[in-house]
Amino acid sequence: MAITFDAENIDFPKIKKRETANWIKTVVKNYGKQTGDISYLFCTDEKILEVNRQYLQHDFYTDIITFDYSEGERISGDIFISIDTVLSNSIQYDTDFEEELYRVIIHGVLHLCGIDDKSEAESKQMKEAEERALSLRKESGN
């Protein structure tokens, strides 16, 4: 069981892979789950649009797409993250790019843990879960 990070047609973002994987495992454990195989692909807006169209029949850009392959308590999935959209969101919301990137990284994992964000109430729960997870990351010095 592994957490992998790859990039397609972009420079790999400045994250510490081992520390980030350990943080993700801690968050997963806090939800009473086990970490299976989780694959991240950092990509461009064009790639995420292609994935959105091909697999979800959506014709729009987004910061993240999560494909959930979890079985029981073992979470697994493929997570696509558009670095272009993460950057534009960090500018739009006046947040640090790195902070926004880690928020999106954990957002996908929280989906795999069973947290949704379709309704207003669910979005609030997701934001709170993101904040808790980001606090854990800061506490561990990552």
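Please read these numbers as outputs of a predicted model, since none were measured by experiment.

## A look at the packing of helix α4 (residues 97–112) against helix α5 (residues 120–139)
Thought 1: Two numbers describe how α4 lies on α5: the axes approach to 9 Å, and their chain directions differ by 120 degrees. For the pair α4 and α5, the sense of crossing is right-handed. Between α4, through Glu98, Glu99, Tyr102, Arg103, Ile106, His107, Leu110 and His111, and α5, the contact on the second element is made entirely by Met126, Lys127, Ala129, Glu130, Glu131, Ala133, Leu134, Arg137 and Lys138.
Thought 2: For the contact of α4 with α5, the per-class residue count stands at seven nonpolar, two polar and eight charged.

## Examining the pairing of strand β1 (residues 3–7)
Thought 1: Sheet analysis places β1 next to strand β2 (residues 34–43), joined by five bridges and oriented parallel. Bridged to aspartate 6 within β2 is leucine 41.
Thought 2: In terms of handedness, the path from β1 via helix α1 (residues 17–30) over to β2 forms a crossover that is left-handed.

## Brief notes about the environment of glutamate 131
Thought 1: Position of glutamate 131 among the secondary structure elements: in helix α5.
Thought 2: In the structure, glutamate 131 is positioned 25 residues away from isoleucine 106 in sequence and 9.8 Å away in space, judged by C-alpha atoms.

Calculation notes
Residues numbered from 1 in each chain as written. Predicted model: local features only at pLDDT ≥ 70, side-chain atom pairs only at ≥ 80, totals over all residues. Heavy atoms only, no water. Axes fitted to C-alpha atoms, helices over the stretch in contact; angles between N-to-C directions. Helix = DSSP H or I, 4+ residues; strand = E, 2+ residues; numbered from the N terminus. Left-handed = near helix turned anticlockwise from the far one by under 90°. Contact = heavy atoms within 4.5 Å. Nonpolar A, V, L, I, M, F, W, Y, C, P; charged D, E, K, R; others polar. Pairing = 2+ DSSP bridges. Right-handed = clockwise from strand over helix to strand, strands pointing away.

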